[in-house]
Amino acid sequence: MSPRLLLSLRGLACGYQDHQVVQQLNLHLNAGDIGCLLGPSGCGKTTTLRAIAGFEPVLEGEIELGGEVISRAGFTLAPEKRRIGMVFQDYALFPHLTVAENVAFGIRKHPQREQVTAELLDLVKLGHLGKRYPHELSGGQQQRVSLARALAPEPKLLLLDEPFSNLDGELRRRLSHEVRDILKARGTSAILVTHDQEEAFAVSDHVGVFHEGRLQQWDTPYNLYHEPLTPFVASFVGQGYFIRGQLQTPETVHTELGVIRGNRAYTWAAGSAVDVLLRPDDIVYAPDSPLQAQIVGKTFLGAATLYRLQLSTGTQLEAIFPSHADHQPGQSVGIRVAADHLVLFAAQGSVAAQVKLPESGVRRVSSN
Ligand SMILES: Nc1ncnc2c1ncn2[C@@H]1O[C@H](COP(=O)(O)OP(=O)(O)OP(=O)(O)O)[C@@H](O)[C@H]1O
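Residues numbered from 1 in each chain as written. Predicted model: local features only at pLDDT ≥ 70, side-chain atom pairs only at ≥ 80, totals over all residues.

## Things to note about the nonpolar core
Part 1 of the argument: Residues Val103, Ala148, Leu159, Ile191 and Val276 are the most contacted members of the largest nonpolar core, which totals 95 residues.
Part 2 of the argument: When residues of this core are assigned to domains, at least three fall in each of domain 1 (5-225) and domain 2 (230-364). (Core = buried A, V, L, I, M, F, W, Y, C linked by C-beta atoms within 7 Å. Buried ≥ 20, exposed ≤ 12 C-beta atoms within 10 Å, placed from the backbone. Domains from an automatic or database assignment.)

## Re the sheet that holds strand E18 (residues 304-310)
Part 1 of the argument: Pairing within the open sheet is antiparallel, and its 5 strands lie in the order E16-E20-E17-E18-E19. The strands lining the two open edges of the sheet, one partner per strand, are strand E16 (283-285) and strand E19 (316-322). If you compare each strand with its neighbour and ignore which way they point, the axes differ by 50 degrees on average.
Part 2 of the argument: The sheet contact formed by E18 and E19 spans 7 bridges and is antiparallel. Paired with Gln310 across the two strands is Gln316, which belongs to E19. (Pairing = 2+ DSSP bridges. Helix = DSSP H or I, 4+ residues; strand = E, 2+ residues; numbered from the N terminus. Axes fitted to C-alpha atoms, helices over the stretch in contact; angles between N-to-C directions.)

## Quick look at the domain arrangement of the protein chain
Part 1 of the argument: For the protein chain, the assigned domains are domain 1 (5-225) and domain 2 (230-364).
Part 2 of the argument: A straight line from the C-alpha centre of domain 1 to that of domain 2 covers 36 Å.
Part 3 of the argument: Looking at the side of domain 1 that touches domain 2, the elements with two or more residues in it are strand E10 (206-211), strand E11 (214-219) and helix H7 (221-226).
Part 4 of the argument: Of the residues belonging to the side of domain 1 that touches domain 2, the class tally is 4 nonpolar, 4 polar and no charged. (Nonpolar A, V, L, I, M, F, W, Y, C, P; charged D, E, K, R; others polar.)

## Here we look at the sheet that holds E11
Part 1 of the argument: Pairing in this open sheet of 6 strands is mixed, and the strands run E7-E8-E9-E3-E10-E11 from one edge to the other. Only two strands of the sheet have a single partner each, and these edge strands are strand E7 (84-87) and E11. For this sheet, the mean angle separating the axes of adjacent strands, direction not counted, is 20 degrees.
Part 2 of the argument: Direction of pairing for E7 relative to strand E8 (residues 157-161): parallel, over a ladder of 4 bridges. From the neighbouring strand, Met86 faces E8, where its bridge partner is Leu159.
Part 3 of the argument: Packed on one face of the sheet, helix H4 (residues 139-151) meets E7 and E8 and runs near 175 degrees to E7. (Contact = placed C-beta atoms within 7 Å.)

## Digging into unusual backbone geometry
In terms of backbone geometry, most residues other than glycine have negative phi values and most peptide bonds are trans.
Part 1 of the argument: The backbone of Glu154 sits at a positive phi, close to 50 degrees, despite the residue not being glycine.
Part 2 of the argument: As for its placement among the helices and strands, Glu154 is situated in the loop between H4 and E8.
Part 3 of the argument: The partly exposed category is assigned to Glu154, around which 13 C-beta atoms lie within 10 Å.
Part 4 of the argument: The backbone of Glu212 shows a phi angle near 45 degrees, a positive value even though the residue is not glycine.
Part 5 of the argument: A count of 15 C-beta atoms within 10 Å places Glu212 in the partly exposed class.

## Thoughts on the site of the ligand
Part 1 of the argument: The immediate surroundings of the ligand are formed by Tyr16, His19, Val21, Gly39, Ser41, Gly42, Cys43, Gly44, Lys45, Thr46, Thr47 and His195.
Part 2 of the argument: Of all the elements in the fold, those that place two or more residues in the shell around the ligand are strand E2 (19-30) and helix H1 (45-53).
Part 3 of the argument: Element by element, the count of residues in the shell around the ligand is highest for H1, at 3 residues.
Part 4 of the argument: When the residues that make up the shell around the ligand are grouped by side-chain class, the tally is 3 nonpolar, 8 polar and 1 charged. (Near = placed C-beta within 6 Å.)

## Topic: the environment of Phe55
Part 1 of the argument: Assignment of secondary structure puts Phe55 in the loop between H1 and strand E4 (58-65).
Part 2 of the argument: You can call Phe55 partly exposed: it has 13 C-beta atoms within 10 Å.
Part 3 of the argument: Once the C-alpha coordinates of Phe55 and Ala78 are considered, the two residues, 23 residues apart in sequence, prove to be 8.0 Å apart.
Part 4 of the argument: For Phe55, the contacting residues outside a window of four places in its chain are Arg50 and Pro79.

## Observations concerning helix H5 (residues 169-186)
Part 1 of the argument: When the terminal C-alpha atoms of H5 are compared, their 26 Å separation across 18 residues agrees well with the 26 Å that a helix rising 1.5 Å per residue should span.
Part 2 of the argument: Among the residues of H5, those classed as buried are Arg172, Leu175, Ser176, Val179 and Leu183. All buried residues of H5 lie within an arc of 105 degrees about the axis, which places them on one face of the element. Of the exposed residues in H5, the ones pointing more than 90 degrees away from its buried face are Glu170, Asp181 and Ala185.
Part 3 of the argument: Check the buried side of H5 and you find it contacts strand E3 (34-38), H4, strand E9 (189-194) and helix H6 (197-203).
Part 4 of the argument: One or two residues past the end of H5 sits Gly187, with phi positive at roughly 70 degrees. (Expected span 1.5 Å × (residues − 1). Arc of directions from axis to C-beta.)

Okay, structure coming up:
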């Protein structure tokens, strides 16, 4: 059975008054899928989510949900008529209502209201707390109530705006996995907004990376990591370094690490200058390799260790090695490049050179 299209944004522009924040946005979500809008602060994720919810009008293009156009320039179907549920960062629970009353709020006329409420409270593991008030719950528990409340009217689509960002570390990770399991078990379609890549990958089937109001790539987490379409996506998603290289053949590039062969063909002329993306998992520990690098930094991650390496030319790289063998800063280690997913961008004068790189992303280190 082919997947059923649920949500389409076509040629969408949205923003505030005369200020266009998001431009030329096209994306599609199938029923039952979880999508995510990911990007740095201010890139337009929340603005897009608010347009989908019907809180903001669209300036150009249209939004279609379940075969019905719900927004286009000059027309905005009222939010309460969209069958869209919302979960907010600050939970937005009604303080004067109990947990159970909060969950039942959107289904007051439902004949099996109490049963549905009890089932949802069980689903979010709060079956025993229905009589409490929101202020008597932890942040994580309040967000579970908020999720149960949003699910109660069986929305066609659930929108989650930074739902875990008020929670810390471990709880955040646990709840994000749990929310995915709950949505998948119920077949609920959802769009999540976050600036946290780990969260985006843990929860979503498809992720859209935004940069300055434009969607750069809408893809699976795997493809965003291994096959980024733009230098910005390569930088924003995952870690790594760019090194300079020269295209030799469509599949091979010459670099200071030797000739690297990938599994895709590039159509630039032989000899073109390119930037080669090297992720930490592209650099493999190879004790007998003639290619040596000095360890200049080290982060123990448990099962693996992330090393910062420096080549004799001064170029730095990152590498992930299994943590069984422990190497010390200052030591030299043999390495090999195993970058099957060889990712290259045209160097100089291309958009690559103008990208502002976030601190935790890909760094551009060598030039010649
Ligand atoms: N109500 C508003 N009126 C005018 N401009 C706004 C309004 N809300 C947001 N903006 C502007 O729109 C741009 C995008 O904001 P938006 O909230 O969509 O970003 P975001 O990607 O969700 O960022 P964050 O992760 O910080 O929430 C910003 O430049 C912001 O200043």
